[in-house]
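Per-entry structural report
For reference, the chains in residue letters:
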Amino acid sequence: MSSENLPQSPEQQLRKPRVAVVFGGRSSEHGISVVTAGAVLNAIDRTKYDVLPIGITTDGRWALTADEPERMAITDRKMPDVAQLAESTEGGVVLSVDPGSREVVYSEPGSVPKALGEVDVVFPVLHGPYGEDGTLQGLLELSGVPYVGAGVLASAVGQDKEYMKRVFTSFGLPVGPYVVVRPREWDTDPSAARKRIVDFAGEHGWPLFIKPARAGSSIGITKVDDLSGLDEAIEEARRHDPKFLVESLLRGREIECGVLEFEDGPRASVPAEIPPVTSHDFYDFEAKYIDSASGIVPAPLTEEQTAEVQRLAVDAFEAVSCEGLVRADFFLTEDGSFVINEINTLPGFTPISMYPRMWQESGVSYQELVDRLIQAALNRPTGLR
């Protein structure tokens with residue numbers, strides 16, 4: 001019997017819904033996830049919801065953390081860490097995998113486990129592998145706990161740039177040239193893999209972008225201007241993911257668009273433009289989060305261009321079977337056409353992140369955005385849908 005069909009006690013009917021904000025994680029985007037969690041915790045309406053912050057350390061321990069968003073900010077150009085916020089260095093939080101119970105238990109070595117009560121919905125703000133890629137979503141499906149954002153398949157596809165592009169292509173969405181190098185191929189015959197990349201450069205020209213296939217926040221990406229920098233760029237990408245992509249440079253403007261699920265279906269926000277960052281080679285992690293390079297919202301586009309990129313963003317959302325929210329990233333090329341670069345199923349939610357800024361300009365405040373996502377998750381059943 002699934003938990004959504006269980007009868008509620010009078011106490012459950014009277015209490016406020018309980019939101020577990022899960023953040024941190026084992027990926028290289030751990031720090032930015034903590035920053036995002038601080039912003040979300042600040043925005044949740046405490047008159048409507050009870051909140052349980054749960055941080056996942058870099059080694060995978062689920063830790064009980066204090067509800068102190070002010071400690072989750074970037075300080076002196078350094079990212080925060082769950083280990084600094086955890087109430088114990090050994091205690092762990094466990095979520096039941098019994099779909100008839102949403103009980104959360106906290107235990108420490110040598111102590112009797114303590115029940116923390118039931119969780120009604122999880123707001124995951126994990127970025128990258130072990131959180132944004134369908135793994136956490138699968139656990140929550142097994143547990144029968146509703147959650148914000150895309151389901152297992154959409155999360156996995158949205159995390160893996162190779163399969164994301166394959167899905168886009170199958171739905172007729174415009175995708176730029178790319179090459180994928182898988183782990184076995186590189187480990188077995190790196191010379192042949194390198195030749196494929198060089199041949200790709202011969203066809204499409206330098207520079208190339210070497211990217212981890214399953215990472216985000218521009219981590220591990222290197223712009224390579226010629227053959228001399230190729231091996232170092234591959235090594236950097238593989239430091240984050242044994243599978244990597246090679247993409248050609250698309251000359252044009254970088255345009256982003258947010259998608260949010262409403263009662264009548266997904267809608268697109270006003271788009272934003274990421275202008276060239278003169279202090280960086282491209283819009284990398286440092287530019288996004290450390291130096292706070294800001295985009296232009298709304299993007300200076302014609303009405304026709306705005307309508308087109310909004311249509312493509314919603315089409316991408318639907319193609320991957322997303323739920324809740326998506327940020328879709330595009331290039332507006334020199335010939336006036338849009339090419340989709342990627343989507344993020346759990347986009348950055350920091351105060352400077354583009355997704356909430358685009359919706360703010362579209363008339364949806366940060367607080368309303370968070371509330372709408374929680375309510376949508378509470379109203380959505382777990383399981384096949």
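Reading the values: rules and limits
Residues numbered from 1 in each chain as written. Predicted model: local features only at pLDDT ≥ 70, side-chain atom pairs only at ≥ 80, totals over all residues. Heavy atoms only, no water. pLDDT = per-residue confidence, 0-100. Contact = heavy atoms within 4.5 Å. Domains from an automatic or database assignment. Buried area = accessible area lost by both parts, 1.4 Å probe. Salt bridge = Lys/Arg side-chain N within 4 Å of Asp/Glu carboxyl O. Polar contact = N/O pair within 3.5 Å; in protein donor to acceptor, adjacent residues only side chain to side chain. Helix = DSSP H or I, 4+ residues; strand = E, 2+ residues; numbered from the N terminus. Core = buried A, V, L, I, M, F, W, Y, C linked by side-chain atoms within 4.5 Å. Buried < 20%, exposed > 50% of the residue type's maximum accessible area, 1.4 Å probe, protein only. Pairing = 2+ DSSP bridges. Axes fitted to C-alpha atoms, helices over the stretch in contact; angles between N-to-C directions. UniProt positions renumbered as here; feature names shortened; annotations may be inferred. 1 Å grid on protein atoms, 1.4 Å probe; cavity = no way out; pocket = protein on both sides within 12 Å on 5 of 7 lines; lining within 4 Å.

1. Quick look at the confidence of the model for the protein chain
Per-residue confidence for the protein chain gives a mean pLDDT of 90; residues scoring 70 or more make up 92%. This model gives residues 1-7 a pLDDT under 50, and the stretch forms 13 contacts once residues within four places in sequence are excluded. Low pLDDT (under 50) marks residues 287-292, which in the prediction has 24 contacts with non-local residues, meaning those over four places away or in another chain.

2. Looking at the domain arrangement of the protein chain
Here the protein chain is partitioned into domain 1 (18-147), domain 2 (158-174 + 251-371) and domain 3 (178-248). Centre-to-centre separation of domain 1 and domain 2, based on C-alpha positions: 26 Å. On the domain 2 side, the residues contacting the 22 residues of domain 1 number 18 residues. Interface area for domain 1 against domain 2, summed over the two sides, is near 1600 Å², with a carbon-plus-sulfur share of 63%. The largest contributions to the domain 1 side of the interface with domain 2 come from Ala-43, Arg-77 and Glu-132, which together make up 32% of the buried area. Joining domain 1 to domain 2, the criterion identifies one salt bridge. Residues Asp-371 and Lys-48 are paired through a salt bridge, measuring 2.8 Å at the closest nitrogen-oxygen approach. For the interface between domain 1 and domain 2, the tally reads four residue pairs in polar contact (both at pLDDT 80 or more). Of all the elements in the fold, those that place two or more residues in the side of domain 1 that touches domain 2 are helix H2 (30-43) and strand S7 (121-124). In terms of residue count, the dominant contributor to the side of domain 1 that touches domain 2 is H2 (six residues).

3. Examining the nonpolar core
Membership of the largest hydrophobic core comes to 35 residues, with the highest contact counts inside it found for Val-21, Phe-23, Val-40, Ile-44, Phe-123, Phe-349 and Val-370. Shared between two domains, this core takes at least three residues from each, and those domains are domain 1 (18-147) and domain 2 (158-174 + 251-371). Not counting chain neighbours up to four residues away, the residues in contact with Val-370 comprise Val-40, Ala-43, Ile-44, Phe-123 and Phe-349.

4. What to know about the sheet that holds strand S8 (residues 178-181)
What the four strands build is an open sheet, ordered S8-S11-S9-S10; its pairing is antiparallel. Looking along the sheet, the strands with just one partner apiece sit at the ends: S8 and strand S10 (222-224). Recorded for the sheet is a direction-independent mean angle of 25° between the axes of neighbouring strands. With four bridges joining them, S8 and strand S11 (residues 244-248) adopt antiparallel strand pairing. Residue Val-179 lies in a different strand from S11, and its bridge partner there is Val-246. Relative to the sheet, helix H9 (residues 230-240) contacts strand S9 (208-212), S10 and S11, its axis offset from that of S9 by approximately 25°.

5. Quick word on the UniProt feature "active site" (unreviewed entry) in the protein chain
With numbering matched to this structure, UniProt assigns "active site" (unreviewed entry) to Glu-29, Ser-217 and Ser-353. The annotated residues that sit in the lining of the second largest cavity are Glu-29. With respect to the helices and strands, the residue Glu-29 is situated in the loop between strand S1 (18-24) and H2. What makes Glu-29 buried here is its relative accessible area of 3%. When you line up the elements, Ser-353 lands in the loop between strand S16 (338-344) and helix H12 (354-361). At 3.4 Å, the side chain of Ser-353 and the backbone oxygen of Gly-348 are in polar contact.

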